[in-house]
Amino acid sequence: MSTFVCGDLHGNFKALVEVLTKASFDPALDTLITLGDYIDGGAHIEVEELIEYLLALPNWIGVIGNHDYWMLETIKAGWDYIIDEDWLKHGGVNTLRSLGVTYELQDDGYKLLNRPSPKVFEFFKQLKYYHIDTDSNLYVHAGYNHLQKDITKQDFESLDVLYSTLWDRDFWKNAEVFKSNKYNSIFIGHSWSLEYPLLRGQVWNLDSGAGHYGKLSLMEVGTGKIWKSSRTAVLYDNFGLR
């Protein structure tokens, strides 16, 4: 039984299947932890396929990313109008298209004209702001404001807390000087580079640009062994950027 963690997916279902196959991932025995941003890639993305696959895994743990939070806001509001129209500018158009959802601009904003599969709502209910495993490793999308208080004591109704957890890049920028006696390793995504995965201090960044034109990275937590998918631009004939 092994625990694996992977970086930002952005709807690249083929990349996930390929990298799990390379790692000989066993769904019946192994655990997969995903670090958020399941949606909002280019026009090629397969969001529903990705969601259904992850939901079917018996030992899957999903952390929420900033792109997912944009969609979650609209889900929480009843799936009537798009709550934050910035979502559409950052990949939401392709996510809605992938899910078969249509919308139109009305006087009150962008009106959603139909609903996606019920599995989409089930998927979002299962996402967590962070996860701590039995070996005291922390998994979170972007980081957290460790100068304020421990992540387990922070209020996720606070916009400041949400920003530091989902959007802020300072945690990663300052990771080399971050010291924690509570956590052995911290695994994040969000700030991508083709050179990642990369370790700074106690912090691993696994976002190697699958949502752009890079690869999806997967690590076995216990051994530190890393696998990478093919470039997403190669896996999809209709590949595009958001």
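What you see is a predicted model, and the numbers here were worked out from it, not measured in a lab. The numbering scheme is per chain: residues are counted from 1 as the chain's sequence reads. Selection of residues for local features in this predicted model requires a pLDDT of at least 70, selection of side-chain atom pairs for listing and counting requires 80 or more, and totals for whole chains, interfaces and linings are taken over all residues. To get the side-chain values, all heavy atoms of the structure are used, and hydrogens and water are removed first.

Draft legend 1. Inspection of the environment of T3 at higher detail. Following the sequence through the fold, T3 ends up in strand β1 (residues 3-6). The buried label goes to any residue with under 20% of its type's maximum accessible area, the exposed label to any with over 50%, and the partly exposed label to all in between, with areas taken from a 1.4 Å probe on protein chains only. Given a relative accessible area of 27%, T3 falls into the partly exposed group. In sequence terms T3 and S164 are 161 residues apart; their C-alpha atoms lie 26 Å from each other. Residues are treated as being in contact if the distance between any of their heavy atoms lies within 4.5 Å. With near-sequence residues (within four places) excluded, T3 lies in contact with T31, I33, Y139, M219, E220 and V221. The helix and strand labels rest on DSSP assignments: H or I over at least four residues marks a helix, E over at least two residues marks a strand, and numbering proceeds from the N terminus.

Draft legend 2. Looking closely at the packing of helix α3 (residues 66-76) against helix α4 (residues 86-98). Taken N-terminus to C-terminus, the directions of α3 and α4 make an angle of 85°; their axes are 10 Å apart at the nearest point. Here α3 lies roughly perpendicular to α4, going by the angle between them. Here α3 contributes H67, W70 and M71 to the contact with α4, which in turn contributes D86, W87, H90 and T95. Any residue outside Ala, Val, Leu, Ile, Met, Phe, Trp, Tyr, Cys, Pro, Asp, Glu, Lys and Arg is labelled polar, Gly included; the first ten of those are nonpolar and the last four are charged. Of the residues assigned to the contact of α3 with α4, the class counts are three nonpolar, three polar and one charged. Comment: axis = line fitted to C-alpha atoms, over the contacting stretch for helices; angle = value between 0 and 180 degrees taken between N-to-C directions. An angle below 35 degrees is treated as roughly parallel, one above 145 as roughly antiparallel, one from 65 to 115 as roughly perpendicular, and anything else as oblique.

Draft legend 3. View of helix α5 (residues 118-126). Taken together, the buried positions of α5 are V120, F121, F123 and F124. Within α5, the buried residues cover an arc of 155° as seen down the axis, which keeps them to one side. Opposite its buried face, α5 presents the exposed residues P118 and K125, each directed more than 90 degrees away. Tucked into the core, α5 has its buried residues touching α2 (47-56), β3 (60-62) and α3. What the arc covers is the set of directions going from the helix axis to the C-beta atoms.

Draft legend 4. The nonpolar core, seen in detail. Among the buried residues, those of types Ala, Val, Leu, Ile, Met, Phe, Trp, Tyr and Cys that are joined through side-chain atoms within 4.5 Å form a nonpolar core. Formed by 63 residues in total, the largest nonpolar core has its most connected members in L32, L54 and I186. With residues near it in sequence (within four places) discarded, L54 still touches L9, L16, L32, T34, Y38, W60 and F123. Within the second largest apolar cluster, 10 residues are counted, among which are L35, F187, L206 and V221.

Draft legend 5. View of helix α1 (residues 13-22). Of the residues making up α1, those classed as buried are F13, A15, L16, V19 and L20. In a view along the axis of α1, the buried residues occupy a sector of 160°, so they form one face of it. Summarising the contacts, the buried residues of α1 are in contact with β1, β2 (31-34), α2, β11 (217-220), β12 (226-228) and α8 (232-235). Where α1 ends, the next residue or the one after it, S24, has phi of about 55°, a positive value.

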